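Architecture and fold: a report
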Amino acid sequence: MDHLQQGWFTESDTWPGAGLSLQVEEVLHKEKSSYQDIMILQTKSFGKALILDNIIQCTEFDEFSYQEMISFLPLCSHPNPERILVVGGGDGGVAREAVKHPKVLSVDVVEIDERVVKLSEQYLPFMACGFKHDKVTLHIEDGFEFMKNNAQQFDIIITDSSDPVGPNESLFQKTYIESLKRSLKPGGIICSQVGSIWIKEDQDTMIRLSKDCSANFKKVTLATISIPSYPTGNISFILATDNELVNFKVPAYSFTLEEMNKHKLKHYSPDLHSASFSIPRFARMIIPHINC
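First, a word on what this report is: a plain description of the structure on this page. (Residues numbered from 1 in each chain as written. Predicted model: local features only at pLDDT ≥ 70, side-chain atom pairs only at ≥ 80, totals over all residues. Heavy atoms only, no water.)

**Examining the packing of aromatic side chains**
Each pair of aromatic rings is reported with the distance of its centres and the angle of its planes. In total, this model carries 11 aromatic pairs according to the counting rule given. Ring plane angle 80° and centroid distance 6.1 Å describe the contact between Phe255 and Tyr268, whose orientation is recorded as edge-to-face. One end of the pair, Phe255, is in the loop between strand S13 (234-241) and helix H8 (257-262); the other, Tyr268, is in the loop between H8 and helix H9 (270-276), with 13 residues separating them in the sequence. For Tyr268, a relative accessible area of 2% gives the class buried. (Phe/Tyr/Trp six-rings, centres within 6.5 Å; stacked < 30°, edge-to-face > 60°. Helix = DSSP H or I, 4+ residues; strand = E, 2+ residues; numbered from the N terminus. Buried < 20%, exposed > 50% of the residue type's maximum accessible area, 1.4 Å probe, protein only.)

Set out below in structure tokens:
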């Protein structure tokens with residue numbers, strides 16, 4: 001379908017029977033890279049928006065919600081998160097947030113599509129600024145290959161991907177979970193976005209990935225957050241670890257008010273960290289492999 005009609009962009013392919021529409025003031029950029037369709041839109045109410053394969057990745061209005069939560073939920077659950085790997089994350093948002101944790105020494109970002117990085121630097125500098133930090137190293141390559149060459153290197157691996165289509169489809173497979181396990185240091189934590197608890201297709205993804213995670217990790221859990229520019233205004237993360245001492249609901253590191261103000265955090269807080277793991281009963285009942 002044509003997702004741009006009469007001044008509106010509508011994302012509907014990932015949300016059967018419904019859709020999210022953003023009023024568009026200007027199409028800032030549109031191209032087909034070697035991997036996917038890319039659009040940068042100037043919207044009326046959400047600011048600049050990055051669209052990949054007709055799926056909203058982030059908007060200037062609410063990107064901080066996703067970036068802060070996918071970063072700090074795993075980072076603040078780990079007792080000593082020194083080495084971080086971000087698979088995907090070509091807009092730079094997760095890198096921008098991850099370096100704010102005081103124990104982080106290095107952040108490797110592995111993005112397969114260099115055009116996403118270049119266009120984010122041009123149109124989304126408020127996110128791509130994450131690549132400029134001296135703790136961050138950007139690698140333009142396939143995440144599978146990178147992890148194959150970096151066994152037991154990382155305390156945290158964050159998968160910041162789009163939905164399971166195009167180049168991201170492989171990031172939702174059992175073999176990918178096994179690759180994550182091999183690249184983690186003992187006791188490390190993985191965190192991957194898995195869509196909305198309100199969408200049947202995403203529920204199926206959560207069920208399958210939670211099963212794959214439980215086959216590789218001792219503790220598997222689900223967190224859910226609100227973000228208005230994603231389908232149903234919700235997105236969830238699967239987190240897993242072999243460290244039985246990790247209590248995902250209780251941060252191992254709690255930002256002080258002074259730290260949150262210093263780092264200009266708009267969404268994450270220790271209280272919200274704990275609340276994010278209190279998922280609705282229906283979600284817990286249909287995802288049987290969540291064990292903590």
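Structure's up, so let's keep going.
**Points about empty space enclosed by the protein**
Tallying each qualifying case throughout the model produces one cavity of 30 Å³ or more. Estimated volume of the largest cavity: approximately 30 Å³. Of all the elements in the fold, those that place two or more residues in the lining of the largest cavity are strand S11 (184-195) and helix H7 (200-214). With three residues, the single largest contributor to the lining of the largest cavity is S11. For the lining of the largest cavity, the per-class residue count stands at six nonpolar, one polar and no charged. (1 Å grid on protein atoms, 1.4 Å probe; cavity = no way out; pocket = protein on both sides within 12 Å on 5 of 7 lines; lining within 4 Å. Points joined across faces, edges and corners; volume = space filled by probe spheres on them. Nonpolar A, V, L, I, M, F, W, Y, C, P; charged D, E, K, R; others polar.)

**Overview of the nonpolar core**
Where a protein is soluble and globular, its nonpolar side chains tend to be buried together. Among the nonpolar cores identified, the biggest contains 39 residues, and Leu73, Ile84, Val107, Phe237, Leu239, Phe255 and Tyr268 are the most heavily contacted of them. Listed by contribution, the elements that provide at least two residues to this core are helix H1 (63-75), strand S7 (83-88), helix H2 (93-98), strand S8 (106-111), strand S10 (154-160), S11, strand S12 (219-226) and S13. At six residues, H1 tops the list of elements feeding residues into this core. Excluding its chain neighbours within four sequence positions, the residues that come into contact with Phe255 are Phe72, Cys76, Lys100, His101, Pro102, Met260, His263, Leu265, Tyr268 and Pro270. Met147, Tyr176, Leu222 and Ile290 belong to the second largest nonpolar core, which has 27 residues in total. (Core = buried A, V, L, I, M, F, W, Y, C linked by side-chain atoms within 4.5 Å. Contact = heavy atoms within 4.5 Å.)

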